[in-house]
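# Summary of the model geometry
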Amino acid sequence: MSRQLASSGWTGLIGAVIVLAALKAADAVVAPVAFALFLIALLWPLQRRLEALMPRLLALAITISVLVVTFAAFASLIAWGFGRVGRWGLANMGRFQSLYDRGTAWLEGHGIPIASLWADHFNVGWVLGVVQKFGAHVNTTLSFWVVVLVYVSLGLLEIEGTARKIKKLPDEATVRFLSEGCARTAAKIRRYMGVRTLMSLLTGLLFWALTSLFGLPLAREWGVIAFTLNYIPFIGPLVATLFPTCLAVLEFEEWQAVFVVFASLNLIQAVVGSYVEPRVSGTALAMSPFLVLFSIFLWTFLWGLPGTFIGVPITVAVLAFCAQHPKTRWLAMLLGPPDEAEDAVKLGAGREPGLPG
């Protein structure tokens, strides 16, 4: 018996590695589909309500317009925040130069030749390479979003047809697994994004208030940056904390003041992320911090920036489907909240099979 369990475990592990390797190799094809499914789960309630009031294609046009406007507004906020920070940095380049000179003198006084390191690693060729990579990345990102929009449009039109196909499957267990898994996953993803938006707003407001209290320049910009980056768990808040801390190094002469700024900003992240958010989301989205961090790094490694953003929702979806099957329910119970398996049927009950919520 133990040998069978060990063999089954190794088989599952090897299978998981093969699947992940295939996902990485086919990222250009699979990543847009995964992101489109994520957006379909968020947009389907709006599409369904609009279809009850108007023709399907008109409802689809409005839904896609809402999606495009939302992403454009989000991108505008990011561009505004970082653009203002960049312009402020250019206007205060003399202060940065003075700080750099003092730091260089201190390092060279301790035997670290910083000037030679700059000459060896940062030159015109390096700058041109960075610009070329940035241009290629922008082109890839635009192509990615065009493909995602096409998938979302087609997916929203095919949801009801897919639901009818699922209902006609001969195996009732498969019908229940797919319908309840889709409904549960969509509900969890919508709740996750709702909670994440509320926590991002709270984090942005607290960053704005705290940086204003400390007298740091660009307080509104730091609040906007914290709001936008907070959608990426762990990594986003870390980056949002480092930027104003670097500015505090320039503003304050004493390292104690810089440490207070850094500690206060991290305290906001800890309180919001570890205390407020779990109480708002409840047990429905409970996952261990280790699993959240592992999901982010894993999907970032597989798919880059899109994987960073939807790594946690993908894990939520995997656990939701695992909770529907007896052979994988233990995994959902181990990695999710204690009642993950018990309320799986309850969350899926009362919904039309095959519809995501």
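Summary of the structure given here. Quick caveat, the model's predicted, so the values are computed rather than measured.

### Focus: the overall build of the protein
Scanning the protein from terminus to terminus reveals 14 helices and 0 strands. Listed N to C, the secondary structure of the protein is α-α-α-α-α-α-α-α-α-α-α-α-α-α in terms of helices and strands. Every one of the 357 residues in the protein was classed for burial, and the buried ones make up 37%. When contacts within the protein are restricted to residue pairs at least 6 apart in sequence, long-range pairs at least 24 apart make up 73% of them. Summing over all exposed atoms, the protein offers an accessible surface of approximately 20300 Å²; the carbon and sulfur share of this is 72%.

### Section: the pattern of salt bridges
As enumerated under the stated definition, the model contains 3 salt bridges in all. Residue R56 is joined to E51 by a salt bridge in which the shortest nitrogen-to-oxygen separation is 3.7 Å. When its relative accessible area of 18% is taken as the criterion, E51 is described as buried. The residue E221 makes a salt bridge to R84 at a minimum N-O spacing of 2.7 Å. Of the two residues, E221 sits in helix α8 (residues 219-229) while R84 sits in helix α3 (residues 56-91), which places them 137 residues apart along the sequence. Accessibility expressed as a relative area gives 2% for E221, which makes it buried. One network of salt bridges, in which partners are shared, links E51, R56 and E160.

### Observations concerning the side chain of Q269
Assignment of secondary structure puts Q269 in helix α10 (residues 255-281). Owing to a relative accessible area of 13%, Q269 belongs among the buried residues under this scheme. Ignoring any residue separated from it by four or fewer positions in sequence, one finds Q269 in contact with T203, F207, N230, P237, T241 and S274.

Quick notes on the rules
- Positions within a chain are numbered from 1, following the residues in the order the chain's sequence is written.
- Confidence filtering applies because this is a predicted model: local features only for residues at pLDDT of at least 70, side-chain atom pairs given and counted only at 80 or more, and all residues used for totals across whole chains, interfaces and linings.
- Think of the side-chain values as coming from all heavy atoms in the structure, minus any hydrogens and water.
- What counts as a helix is a DSSP run of H or I of at least four residues, what counts as a strand is a run of E of at least two, and both are numbered from the N terminus.
- Exposed residues in this analysis have more than 50% of their type's maximum accessible area, buried residues have under 20%, and partly exposed residues fall in between, with area computed by a 1.4 Å probe over protein chains only.
- Residues are treated as being in contact if the distance between any of their heavy atoms lies within 4.5 Å.
- Working definition of accessibility: Shrake-Rupley area with a 1.4 Å probe, residue cover restricted to the visible protein chains.
- In what follows, salt bridge is the name for a side-chain nitrogen of Lys or Arg lying within 4 Å of a carboxyl oxygen of Asp or Glu.

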